[in-house]
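A look at the structure
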4 protein chains.
Amino acid sequence: MSNPQQIKRDDVQNRRGSRQTQIDRVGVKDILHPAVVKDRNGGEQQTVARFSLCVSLPRHFKGTHMSRFMEILNLHEHATVRSFHEMLFEIKDKLEAETSHVEMSFPYFIEKSAPISRVRSLMDYNVTFIGRLERDDLQVKIRVAVPATSLCPCSRGISDYGAHSQRSLITATVHIRGFIWIEELVELVEQEASCDLYGILKRPDEKYVTERAYDNPKFVEDIVRDVAGRLNADDRIAAYTVESENLESIHNHSAYAVIEKDKTPNTEY
Amino acid sequence: MSNPQQIKRDDVQNRRGSRQTQIDRVGVKDILHPAVVKDRNGGEQQTVARFSLCVSLPRHFKGTHMSRFMEILNLHEHATVRSFHEMLFEIKDKLEAETSHVEMSFPYFIEKSAPISRVRSLMDYNVTFIGRLERDDLQVKIRVAVPATSLCPCSRGISDYGAHSQRSLITATVHIRGFIWIEELVELVEQEASCDLYGILKRPDEKYVTERAYDNPKFVEDIVRDVAGRLNADDRIAAYTVESENLESIHNHSAYAVIEKDKTPNTEY
Amino acid sequence: MSNPQQIKRDDVQNRRGSRQTQIDRVGVKDILHPAVVKDRNGGEQQTVARFSLCVSLPRHFKGTHMSRFMEILNLHEHATVRSFHEMLFEIKDKLEAETSHVEMSFPYFIEKSAPISRVRSLMDYNVTFIGRLERDDLQVKIRVAVPATSLCPCSRGISDYGAHSQRSLITATVHIRGFIWIEELVELVEQEASCDLYGILKRPDEKYVTERAYDNPKFVEDIVRDVAGRLNADDRIAAYTVESENLESIHNHSAYAVIEKDKTPNTEY
Amino acid sequence: MSNPQQIKRDDVQNRRGSRQTQIDRVGVKDILHPAVVKDRNGGEQQTVARFSLCVSLPRHFKGTHMSRFMEILNLHEHATVRSFHEMLFEIKDKLEAETSHVEMSFPYFIEKSAPISRVRSLMDYNVTFIGRLERDDLQVKIRVAVPATSLCPCSRGISDYGAHSQRSLITATVHIRGFIWIEELVELVEQEASCDLYGILKRPDEKYVTERAYDNPKFVEDIVRDVAGRLNADDRIAAYTVESENLESIHNHSAYAVIEKDKTPNTEY
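Described in the following lines is the structure provided in the data block.

About the criteria used
Residues numbered from 1 in each chain as written. Chains lettered and ligands numbered in written order. Predicted model: local features only at pLDDT ≥ 70, side-chain atom pairs only at ≥ 80, totals over all residues. Heavy atoms only, no water. Helix = DSSP H or I, 4+ residues; strand = E, 2+ residues; numbered from the N terminus. Contact = heavy atoms within 4.5 Å. Areas by Shrake-Rupley, 256 points an atom, 1.4 Å probe, with all protein chains shown as cover. Lys, Arg positive; Asp, Glu negative; His and termini not counted. Charge placed at Lys NZ, Arg CZ, Asp CG, Glu CD. Least-squares fit on C-alpha atoms with pLDDT ≥ 70 in both. Buried area = accessible area lost by both parts, 1.4 Å probe. Salt bridge = Lys/Arg side-chain N within 4 Å of Asp/Glu carboxyl O. Polar contact = N/O pair within 3.5 Å; in protein donor to acceptor, adjacent residues only side chain to side chain. Nonpolar A, V, L, I, M, F, W, Y, C, P; charged D, E, K, R; others polar. Axes fitted to C-alpha atoms, helices over the stretch in contact; angles between N-to-C directions. Left-handed = near helix turned anticlockwise from the far one by under 90°. Phe/Tyr/Trp six-rings, centres within 6.5 Å; stacked < 30°, edge-to-face > 60°. Buried < 20%, exposed > 50% of the residue type's maximum accessible area, 1.4 Å probe, protein only. Lys NZ or Arg CZ within 6 Å of the ring centre and 35° of its normal. Parallel < 35°, antiparallel > 145°, perpendicular 65-115°, else oblique. 1 Å grid on protein atoms, 1.4 Å probe; cavity = no way out; pocket = protein on both sides within 12 Å on 5 of 7 lines; lining within 4 Å. Points joined across faces, edges and corners; volume = space filled by probe spheres on them.

Turning our attention to the overall build of chain A. When helices and strands are counted, chain A shows seven helices and nine strands. Principal-axis analysis of the C-alpha atoms places the extent of chain A at approximately 80 × 35 × 35 Å. The contacts in chain A between residues at least 6 apart in sequence include a share of 63% that link residues at least 24 apart. Within the structure as shown, chain A displays about 10,600 Å² of accessible surface, and the carbon and sulfur contribution to it stands at 46%. Counting 36 positive and 41 negative side-chain charges, chain A places the averaged centre of each group 4 Å from the other.

Time to look at the relation of the copies chain D and chain C. Mapping chain D onto chain C calls for a screw motion: a turn of 180 degrees about the axis and a shift of 0.0 Å along it, with 0.0 Å RMSD after fitting. This pairing of chains is accounted for by a two-fold axis. Of the residues that chain D buries at the interface, 100% are likewise interface residues in chain C, meaning the two copies contact each other through the same surface.

This part is about the interface of chain B and chain C. When the parts of a complex come together, some accessible area is lost, and that lost area is often taken as the interface size. With 26 residues of chain B at the interface, the matching set in chain C holds 26 residues. Buried surface at the junction of chain B and chain C, summed over both partners, amounts to about 2,300 Å²; 62% is from carbon and sulfur atoms. Summed over the shared surface of chain B and chain C, the number is two salt bridges. The partner of glutamate 71 of chain B in a salt bridge is lysine 202 of chain C, and the shortest N-O contact between them spans 2.8 Å. Counting across the chain B and chain C interface gives four residue pairs in polar contact (both at pLDDT 80 or more). Of all the elements in the fold, those that place two or more residues in the side of chain B that touches chain C are α1 (4-14), β1 (23-38), β2 (44-57), α2 (66-75), β3 (99-113), β4 (120-134) and α6 (203-215) of chain B. Considering only residue class, the side of chain B that touches chain C consists of ten nonpolar, nine polar and seven charged.

Residues and elements named next belong to chain A. Relative to each other, helix α2 (residues 66-75) and helix α3 (residues 81-94) sit at 145 degrees, their axes nearing to 10 Å. The handedness of the crossing between α2 and α3 is right-handed. Contact with α2, carried on its side by Arg68, Phe69, Ile72, Leu73 and Leu75, involves Met87, Glu90, Ile91 and Lys94 of α3 and no other residues of that element. By residue class, the composition of the contact of α2 with α3 is six nonpolar, no polar and three charged.

Under the definition given, this model contains 20 aromatic pairs over all chains. For the pair phenylalanine 106 of chain A and phenylalanine 129 of chain A, a centre-to-centre distance of 6.0 Å together with 15 degrees between the ring planes defines the contact as stacked. Separated by 23 residues along the polypeptide, phenylalanine 106 of chain A in strand β3 (residues 99-113) and phenylalanine 129 of chain A in strand β4 (residues 120-134) bring together distant segments of the chain. Classification of phenylalanine 106 of chain A by relative accessible area gives buried; the value is 0%. For phenylalanine 129 of chain A, a relative accessible area of 7% translates into the label buried. With centroids separated by 4.9 Å and ring planes inclined at 90 degrees, the aromatic side chains of phenylalanine 179 of chain B and tryptophan 181 of chain B adopt a geometry described as edge-to-face. Judged by its relative accessible area of 26%, tryptophan 181 of chain B falls in the partly exposed class. Through a chain of ring-to-ring contacts, three or more aromatic side chains come together here, namely Phe84, Phe106, Tyr108 and Phe129 of chain A. Over the face of the ring belonging to tyrosine 198 of chain A we find lysine 112 of chain A, whose NZ or CZ atom lies 4.2 Å from the ring centre. Above the plane of the ring of tyrosine 256 of chain C lies lysine 29 of chain D, whose end atom (NZ or CZ) is 4.5 Å from the centre.

Moving on: unusual backbone geometry. A positive phi is found at arginine 118 of chain A, a non-glycine position, where the angle reads about 60 degrees. Checked against the element boundaries, arginine 118 of chain A lands in the loop between β3 and β4. Backbone geometry at aspartate 30 of chain D places phi at a positive 65 degrees, although glycine is not the residue there. Mapped onto the secondary structure, aspartate 30 of chain D falls in strand β1 (residues 23-38).

Here the focus is the packing of helix α5 (residues 182-190) of chain B against helix α7 (residues 220-232) of chain B. All names here are of chain B. It is the contact of α5 with α7, at a shortest axis distance of 9 Å, that shows an interaxial angle of 140 degrees. Classified by the angle between their axes, α5 and α7 sit oblique to one another. Residues Leu185, Leu188 and Val189 of α5 form the contact with α7, whose own contacting residues are Val227, Arg230 and Leu231. Broken down by class, the residue content of the contact of α5 with α7 amounts to five nonpolar, no polar and one charged.

Take the pattern of salt bridges next. Residue and element names in this part refer to chain A. Tallied over the entire structure, the rule returns 76 salt bridges over all chains. In this structure, lysine 112 engages aspartate 196 in a salt bridge whose closest nitrogen and oxygen atoms are separated by 2.8 Å. A residue pair is termed long-range when its members are at least 10 positions apart, and lysine 112 in strand β3 and aspartate 196 in strand β7 (residues 195-196) qualify at 84 residues. Here lysine 112 and aspartate 196 have matching classes, each one buried. Each of Glu98, Arg132, Glu134 and Arg135 takes part in a single network of salt bridges with overlapping partners.

At the junction of the two partners, chain D supplies 50 residues and chain C supplies 51 residues. Between chain D and chain C, a total of about 4,100 Å² is buried, with carbon and sulfur atoms accounting for 50% of that surface. By the criterion of area lost to chain C, the three top residues of chain D are Lys29, Arg225 and Tyr256 of chain D, representing 17% of everything that side buries. Between chain D and chain C we count four salt bridges in total.

Right, let's get into the layout of surface pockets. A volume near 2,200 Å³ is recorded for the second largest pocket. In this structure, the second largest pocket is lined by 47 residues; those nearest its centre are Glu260 of chain C together with Arg25, Glu103, Lys141 and Arg143 of chain D. Broken down by element, the lining of the second largest pocket gets its largest block of residues, seven residues, from strand β2 (residues 44-57) of chain D. Its residues placed into classes, the lining of the second largest pocket shows 14 nonpolar, twelve polar and 21 charged.

Have a look at this one:
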């Protein structure tokens, strides 16, 4: 505190000063770090997460201490969901902030059995934890990005045979007020697509998913509404955003839809 | 309307129905289209824009008409800022929606003179227009993404010589209530960086920008606050978000800060 | 040449020196610049191109002159295919190099008529010109990246109804020894996909493209072989690479194939 | 082999046929899969790799078996460098190919001590293994992408104070004929930049790296030549490509250089 460099730094940091504005979030972004995430089967999986770590900065503070974010992150040799929570408190504390923000985004694997052959293979999903701690109020959102098959009802309805299908990316961001497994969210979303995806499909599986999608056509509107219906029915979810982007196989653009809902209108989200 | 296909389509679109949820935005995304943008010098520049076109969809509507978005876009052989506004009305009208959304994002060029040699060269900026028309209420935001030099005050303060600098991307998204040139926004942002960038710099220019950045060190906090100060002072701007991402030259991550402000707290933004 | 700064620069540039290695390519990369490209209909279209400009650097040269690349580019207010060729000569000349390299990559629009309704709309393609001038030997390659529909023959063959389709990106890079329109290359590729894409499809068009893809199933192997067959038959093409990446709608990965062929084995490509 | 589905598949795959072209590479691309990589300290690190798996396909084969690639990958619960080699043989064998190709690309962490404070933190690097097995000839390349600081000698030379620096991405792709640690390659590259990067830098460290870069200015030409000099001197390296892309802090484009060298000119690379 009283060493010459610190004095020099304070000097640098306060040279300007006066009529400052509050900064909503300031910190470090796009840091890769090893992470370990527990899965529903009692195991845990090692992955690599991309982190952003921020604080709010009141108007009377000249600047934040960038290296402290990195020190806190590096104390967690492997970041876990638990350390995700701890970091929110550590950052708020060590950086003397009113509000801390942590975001961690990582590929997550779920082993799935092919629908007929039961051959097992991994599917990867992008998962993001978004945390915000303001005084004692901790809010956590989970986002899962689920690639899936969509098959166009209109194409099916008007064609003598066939129907165009494509890969869609369905993203659900949920503000949770209880515990929820990543696997639960992924399954919930997958069940509302025309069909879900697999790493390995043998021939009878490929027949199954082809016919399943054809039997279950969905517009982009249907996908987001059907996922929303499921999220509405889950009391652990206080608010959500659900999006679908369909990489149309007959166009060079995407069809897109989004529903945003706060189920607790009296609570600030 | 009464042809068999239309009947079939309505059938498809209403097969489900009933207990539907409102969709906040539904439409098409990531369409490239030629665009023409007027510049402050009285000329106009041809560019290529990436469009998203959406409507809100009330709960009692089964789906929207995706091809109509593309028809409206293709009526504008070259999209202009004027047609950006027209499209908001056309989409709301033709798709019988309460709210329409149009986003167009494009590279924009400004010819700049090097600071000493006055050699002229083009600099490119990414510009986005974001429009939302709800009943009669039209809201337009402009976003400019301005690459610039930042030079670290701490590094300068503690080092016997030198100071690390890096490229930063400073993004200002402004909700306007009057007319503002893209060039004005870009200049406003550039003036608050350690130094602005140029396509061509001759040797005396390179000396100038090197020394200018050294004389004008800025933390990421300073950059967003100084841009915010300028936006606060401009009455044409009702609300804004200003971000800076500094691609640190001494780290493999970015320093980041954001300020969001609504200057008219009584108005819904 | 003899001004003090130039002397100083030479000094800087030759301070090290001695046991140098030849540099294959050195220059500037990722510069956006306005471009104008003539189309087959006699018109021209304005677009924005991303440029790379390089030279080879012999071992006895300490360094190149980065600002000269930008000066040459900025002399071409709007880059054309003609100025693409001129830049190769200008760069080789002004930078006293044995070999110059220019790459320009841009979105290009083709107006297409929907297959049944004949409704017209724009489709965008990414096009790249790759030029290399070594002494007097000029070699030019054109790359077109063509998004298209692929429909899986296996899925069709084994399923009672339906067949999965997806968007594919088919890329042909051709070393030309004569003139060829971008439109010719794009059409050649599109004709070998299961079906080509359109900006606007009305209902009868959507029926057509759905059934057309179903009638014309192709594995990724078929696509690259069929395009290769067409390129083999075109005498204006001396060598080529054709790739297809199918964004499988039943997997979260792509199927991929590539064929590289030099039709003139005695010539160095 | 003789089950009805297999017959049906063969039927699908041979329906066309005849005058086929050889396919250089066909397979699956962009698959995420868990991986474990041994580090030089005797430990191992868990990461997530992006895989491409391909074979060459002779002209008389109608198609390859896409699901077999995924089966082979999924047999390796966690891919290692050893399984990277095994997969090359397994793919060549199970798909009855003359040539197999495997590429795995992953973030890799090295714990580094800050230069003065010795504070330890992780730095991440993108590493790629590229393997090709043709009959009995196995060729392996390793690519490391190393972010580093470059400081411009010209800017330093002409300015009264300061010198612009920026983040550079230096990529070395080496064809090895012996064993080499990832750490060795990364260090070799880092030592030839103006300065290397760190996750955490305390104030005395920041002073050190600032002055170190200033004392060690490098053009993009110097960087690739100096790395090339090191690779020339290492007998374990048969051939290499070294690139540097400097994200100039005074321009909105990059400076770029590349050297490609085969040290064994009599051997086909």
